[in-house]
Amino acid sequence: MPIETDILDASDPTQIEQAAALLRQGELVAFPTETVYGLGANGTSAEAVAKIFAAKGRPADNPLILHVGSIEQALPLWQASSLQTQRARTLAAAHWPGALSLVLPAAKFIPTEVTAGLDSVAIRAPAHPIAQALLQQCEFPLAAPSANLSGRPSPTTASHVQKTLGGRITAILDGGPTSVGIESTVLDLRPEQPRILRHGGISASSIEQVIGSLNKLESPADAASPGLRHHHYQPIGIKVELLGAESISDLWDSDSGIACWTELASKLGTRNAPLWVMPDTAAEYAAALYKTLYQIEESGVVKVLVELPPETGEWAAILDRLRRAASSEG
Ligand code: TXA
Ligand code: MG
């Protein structure tokens, strides 16, 4: 049975209060963070958290990130050694509030629905002022995955949320488009040498500047971060191909959509099929990425050729998302 999804306007403080009241009642409310919109629920209530999995169609083995206001609020939710605590504090001082989720052993009272049965929990303090205001009004951490149906691109606007979760959740707190545009970096702080489980808004090098070198060994993603083994970010019914500039030039006159940088677009000029000229910097590209995936979906193309980003650290998170959008395995 579809339910009516209320749109709340975050520029009105009483509507933020209303969102907090719904969360207190155990309801699901999507809210803006600086990365992407999150689908929030009371992270201490197994029953509320279970609703997230039902609304998203999320596989039960994929754990959730807890959102808190500050490192002081995060520490009691972990069972960390003194070295782990010290590293978490150092990283939080540098990058919180911000797009960095830290994984440490979970305190015993964290519902297994949040951890998906793992003995660790990922926590971050979002930087978005509306997320912070909402957290201040809730006396519990908010469990929040990206607010999209499982497998779909993450939402960077309230209307993206409405598109895949409208009729399935109680409310969406609309705070306009998000600024970072891709999800947080997930960092495993348990090992002696910490390791990135998911590339995201904070680059590996800016983490290394704070705690020294990270473990760069690629290990099977499924062992480390369950979310990475699931299908993700795919525009429905569209084949996404990642190609170099030369291959895209050869296919310029095809019927496929093309998403490329200004240099290629200005060299080759207009075309009949849709063209998305992507921003040149990684930060601006990230901010535009999911919006573009949703636009591609609405454009009617059956195939889109995406110019391959460079294999450098600052493009790592974007390359990861594009590869998964292009992956054809089920
Ligand atoms: O920016 C973000 O991280 C957004 C906003 C809403 O905060 N949230 C988000 O959540 O992207 P979600 O659920 O879509 O992705 C969380 C990722 C998944 O890949 C999940 O497997 C991983 O984090 N994760 C969560 N808890 C974990 C844990 N204890 N150990 C390893 N990976 C974990
Ligand atoms: Mg997600």
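Numbers given to residues run from 1 along each chain, matching the order in which its sequence is written. The naming scheme follows written order: chains are lettered A onward, ligands numbered 1 onward. Given that this is a predicted model, residues contribute local features only at a pLDDT of at least 70 and side-chain atom pairs are listed and counted only at 80 or more, while totals for whole chains, interfaces and linings are drawn from all residues. Excluded from the side-chain calculation are hydrogens and water; included are all heavy atoms of the structure.

Notes on the domain arrangement of the chain
When cut into domains, the chain gives domain 1 (6-211) and domain 2 (239-326). Where each domain begins and ends follows an automated or database-derived domain assignment. Computed over C-alpha atoms, the centres of domain 1 and domain 2 are 29 Å apart. Pairs of residues are marked as contacts when any of their non-hydrogen atoms sit within 4.5 Å. With 17 residues of domain 1 at the contact, the number on the domain 2 side is 13 residues. Summed over both partners, the accessible area (1.4 Å probe) lost when two parts come together is defined as the buried area. Carbon and sulfur atoms make up 58% of the area that domain 1 and domain 2 hide from each other, which totals about 1,300 Å². Basic side-chain nitrogens of Lys or Arg form a salt bridge, by our definition, when they fall within 4 Å of a carboxyl oxygen of Asp or Glu. Here domain 1 and domain 2 share four salt bridges between them. E183 is the partner of R321 in a salt bridge, and the nearest nitrogen-oxygen pair spans 2.9 Å. What qualifies as a polar contact is a pair of N or O atoms within 3.5 Å, subject to a donor-acceptor requirement within protein and to the restriction that residues adjacent in sequence count only when both atoms come from side chains. Run the count over domain 1 and domain 2 and you get seven residue pairs in polar contact (both at pLDDT 80 or more). Residue classes follow a fixed rule: Ala, Val, Leu, Ile, Met, Phe, Trp, Tyr, Cys and Pro count as nonpolar, while Asp, Glu, Lys and Arg count as charged, and any other residue, Gly among them, counts as polar. Residues belonging to the side of domain 1 that touches domain 2 are distributed by class as follows: four nonpolar, nine polar and four charged.

Considerations on the nonpolar core
Side chains of nonpolar character tend, in soluble globular proteins, to be buried together. By nonpolar core is meant a set of buried Ala, Val, Leu, Ile, Met, Phe, Trp, Tyr and Cys residues that side-chain atoms within 4.5 Å join together. Summary of the burial criterion: residues with accessible area below 20% of their type's maximum are buried, those above 50% are exposed, and those between are partly exposed, where the area comes from a 1.4 Å probe applied to protein chains only. Among the nonpolar cores identified, the biggest contains 48 residues, and W78, W96 and L187 are the most heavily contacted of them. Working definition: helices are DSSP H or I runs of at least four residues, strands are E runs of at least two. Numbering for both runs from the N terminus. Where this core is concerned, the elements lending two or more residues are β3 (38-42), α2 (46-56), α3 (71-74), α4 (82-95), β5 (100-105), β6 (120-124), α7 (158-165) and α8 (204-211). Residue contributions to this core peak at five residues, all from α2.

Here's the deal with the sheet that holds strand β10 (residues 195-198)
Strand pairing follows a simple DSSP-based rule, namely that at least 2 bridges must link the two strands. Pairing is mixed in the open sheet, where ten strands are placed in the order β1-β8-β2-β3-β7-β4-β6-β5-β9-β10. Strands at the two margins of the open sheet, each flanked by one partner only, are β1 (6-9) and β10. Here β1 runs beside strand β8 (residues 171-174); their pairing, made up of four bridges, is parallel. The residue bridging I7 from the neighbouring strand is I172, located in β8. The sheet strands contacting α2 are β3 and β7 (142-143), and the helix crosses β3 at an angle near 150°. For every element, the axis is a line fit to its C-alpha atoms; helices are fit only across the contacting stretch, and the angle between N-to-C directions ranges from 0 to 180 degrees.

Brief notes about the packing of aromatic side chains
Here is the rule: rings of Phe, Tyr and Trp (six-membered ring for Trp) pair when centre to centre is within 6.5 Å. Planes less than 30 degrees apart are stacked, more than 60 are edge-to-face, and the remainder are tilted. What the rule picks out here adds up to three aromatic pairs. A centroid spacing of 5.6 Å and a plane angle of 45° characterise the contact between W261 and Y285, whose relative ring orientation is tilted. Of this pair, W261 sits in strand β12 (residues 257-261) while Y285 is found in helix α12 (residues 282-299), placing the two residues 24 residues apart along the sequence. You'll find W261 and Y285 in the same group, each marked buried. The class of Y285 is buried, set by a relative accessible area of 2%. Cluster of aromatic residues (ring-pair linked, three or more members): W261, Y285 and W315.

Describing the pattern of salt bridges
Per the counting criterion, the structure on display carries 14 salt bridges. Between R190 and D119 there is a salt bridge, with its nearest N and O atoms 3.9 Å apart. Separated by 71 residues along the polypeptide, R190 in the loop between β9 (185-188) and β10 and D119 in the loop between α5 (112-115) and β6 bring together distant segments of the chain. On the basis of relative accessibility, which here comes to 59%, the residue D119 falls in the exposed class. Two residues, E311 and R323, come together in a salt bridge whose shortest N-O distance is 2.9 Å. Residue E311 is found in the loop between β14 (303-307) and α13 (316-326), and its partner R323 is found in helix α13; the two are separated by twelve residues along the sequence.

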